[in-house]
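# Structure at a glance
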Amino acid sequence: MTPELYRALTTLVTPLIRVHLARRARRGKEDAARLDERWGAAGRARPEGALIWVHGASVGEGLSALPLAGRLLEARPDAHLLITTGTVTSAAMIRERLPERAFHQYVPVDLPHAVARFLDHWRPELVLWVESELWPNILFAIRERKIPLILVNGRMSDRSLARWRRFPGLIRPLLACFDLRLAQSEKDAGRFVQLGGSPIKTLGNLKYDAEPLAADEAALEGLRARCADRPRWLAASTHPGEEAIAASVHERLKRRLPNLLTIIVPRHADRGAGLAAELAARGLSLARRSAGEAPGAGTDLYLGDTMGELGLFYRLAPIAFVGGSLVPHGGQNPLEPARLGSALIFGPHMENFAEPVAAFLEGGAAEQVADEAALAQAVEGLIRNEAARARRAQAGRRIASEMSGALERVAAELEPFLPERVRIHAPA
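The rules behind these values
Residue numbers restart at each chain and count upward from 1, following the sequence in its written direction. Reporting in this predicted model follows two pLDDT cut-offs: at least 70 for local features of residues, and 80 or more for side-chain atom pairs to be given and counted; totals over whole chains, interfaces and linings ignore these cut-offs and use all residues. Side-chain numbers come from the whole structure's heavy atoms, not from hydrogens or water. Between any two strands, at least two bridges found by DSSP are needed for them to pair. In this description a helix means any DSSP run of H or I spanning at least four residues, a strand means any run of E spanning at least two, and both kinds are numbered starting from the N terminus. Whether two residues touch is decided by their heavy atoms; if any such pair falls within 4.5 Å, the residues are in contact. Angles shown run from 0 to 180 degrees and are taken between the N-to-C directions of axes, each axis being a line fitted to C-alpha atoms and, for helices, limited to the stretch in contact. Think of it in three bands: residues with accessible area under 20% of the maximum for their type are buried, residues over 50% are exposed, and the middle band is partly exposed, with areas taken using a 1.4 Å probe on protein chains only. As used in this structure description, the phrase polar contact means that two N or O atoms lie within 3.5 Å; if the pair is within protein, one of them must be able to donate a hydrogen and the other to accept it, and residues adjacent in sequence are counted only when both atoms belong to side chains. Just to be clear on terms, a salt bridge is a Lys or Arg side-chain nitrogen sitting within 4 Å of an Asp or Glu carboxyl oxygen. Handedness of a crossover is defined as follows: orient the strands so they point away from the viewer, and if the path from the first strand over the helix to the second runs clockwise, the crossover is right-handed.

### A look at the sheet that holds strand β2 (residues 80-85)
Taken together, the seven strands give an open sheet; going across it, the order is β3-β2-β1-β4-β5-β6-β7, and neighbouring strands pair in parallel fashion. Here the strands that pair on one side only, and so sit at the sheet edges, are β3 (102-106) and β7 (201-202). Note: strand β5 (residues 149-154) against strand β6 (residues 180-183), three bridges, orientation parallel. Its bridge partner lying in β6, Leu 151 is registered against Arg 181. The strands touched by helix α4 (residues 88-95) within the sheet are β2 and β3, with β2 carrying the most contacts at an inclination of about 150°.

Below, the structure written as structure tokens:
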């Protein structure tokens, strides 16, 4: 497939995309009130002066770019920052963390007219494209307008590599759109090179430099007071199937730990109502965070079905199972709980974070379990052995700190793309 053929085909399917987005909006998968943004319409006026556009597909990509975005804004007091993502959850999460002079819009769908409308309005002077979501019409349009375009924290999974190999006539010119390509690991860099994306630099992963997740102190103290005398563990960022596993682990352990509290935080908060019904049907007592409920003395499960509060739950529970790892998803970010002193447990499917996982396992900062029975054994062992729990948490904090540094290296690489008078290194 060539870029010209891709553009023609996507133009032809515009009516189908319109129907698809409308259906997603009715299901809450798109923001109905801001759906026009997906068609390139601006949700606000363009601010005066320089504008830097940062795009990340979803929550992880957007949040990982915020520290770098803050650096750029410090360096350019006259500039504003446009951050785009494509999901409702990411929009809500990022809105709460935006620095001054930054704002969020939804990324336009990858259709020529939507992209043109978006770029005509915003006219960015620099574009930072975070990680792995490569949309041809958007990237080709940026290149055609001669706007500097940089791939930041580039990632290429095995699945994406196999898919793009089927379209060499599209991926090679697509990767050539970037003025600079920065990969998050040597493995990712090698995959980009296989697709024709050389030269490429490996500077580390921006996700390793993220600030610890925030938490409301008053809410945390209130929950700690309610749970002070109870052993507790957290199943964090769970995916379908893992909530049932966590509930089964609770049932196993409750026979020996009758005061146990299990906290479950689904990756997608909009699954809360269905999960509450499913878990309550097991005969377990459940409280829902989204309903304003708090765990009582007889509560078995506390369902954290809210957005933006994962930092609260990591601080509340000294033991954290990292979700997306007992099902073949690839795992969620284990550095987030490690930074907050959680004793880590995760399943076998942690491919998305292979480097920190290897470091955590080698350094005694985590345990990898194969199934429900092993998870129950690991949780019980940490509950009963406070010293082992503390050692694991301390090792996790240390390793998470040692893996940082990508932010400084990426900042240095971006300097030539900014006016010469600007320097974005941190002060010595």
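### Some points on the side chain of Thr 299
In this fold, Thr 299 is placed in the loop between β10 (286-288) and β11 (301-303). Using a relative accessible area of 7% as the deciding quantity, one classes Thr 299 as buried. At a separation of 2.7 Å, a polar atom in the side chain of Thr 299 contacts the main-chain amide nitrogen of Gly 296. Sequence-distant contacts of Thr 299, defined by excluding residues within four places in its chain, comprise Arg 230, Leu 260, Leu 261, Ser 285, Leu 286 and Ala 287.

### Quick word on the sheet that holds strand β8 (residues 232-238)
The strand order across the open sheet formed by seven strands is β10-β11-β9-β8-β12-β13-β14, and the pairing between neighbours is parallel. Only two strands of the sheet have a single partner each, and these edge strands are β10 and β14 (366-368). If you compare each strand with its neighbour and ignore which way they point, the axes differ by 20° on average. Pairing of β10 with β11, which is carried by three bridges, proceeds in the parallel orientation. Paired with Ala 287 across the bridge in β11 is Tyr 302. Its contacts with the sheet place helix α16 (residues 372-384) against β8, β12 (319-322), β13 (343-346) and β14, and it is angled at close to 175° to β13.

### Comments concerning the pattern of salt bridges
Evaluation of the coordinates by the stated rule reveals 27 salt bridges. Residue Glu 125 pairs with Arg 76 through a salt bridge whose shortest N-O separation is 2.7 Å. Of the two residues, Glu 125 is situated in the loop between α5 (112-122) and β4 (126-130) and Arg 76 in the loop between α3 (59-75) and β2; the sequence distance between them amounts to 49 residues. Its relative accessible area of 33% is what places Glu 125 among the partly exposed residues. You can call Arg 76 buried: its relative accessible area is 3%. In this structure, the salt-bridge partner of Asp 188 is Arg 191, at a minimum N-O distance of 3.8 Å. Separated by three residues within a single helix, Asp 188 and Arg 191 lie in helix α9 (residues 186-194), roughly one turn from each other. In this structure Asp 188 comes out as buried when scored by relative accessible area, which is 6%. Through salt bridges with shared partners, a single network forms among Arg 24, Glu 30 and Arg 38.

### What to know about the pairing of β8
Most of β8 is tucked away: seven of the seven residues are buried. Alignment of β8 against strand β9 (residues 261-266), held across six bridges, turns out to be parallel. When the bridges of β9 are listed, Thr 238 appears paired with Pro 266. Handedness of the β8-helix α11 (residues 242-254)-β9 crossover: right-handed. Where β8 and β12 come together, three bridges link them in parallel fashion. Bridged to Leu 234 within β12 is Ala 320.

### Side note on the pairing of β4
Within β4, five of the five residues are buried, which leaves the element mostly enclosed by the surrounding structure. One ladder, built from four bridges, connects β4 with β5; its direction is parallel. When the sheet's bridge partners are listed, Val 127 is paired in β5 with Leu 149. Chirality of the crossover, the property in question, places the unit of β4, helix α6 (residues 136-144) and β5 among those that are right-handed.

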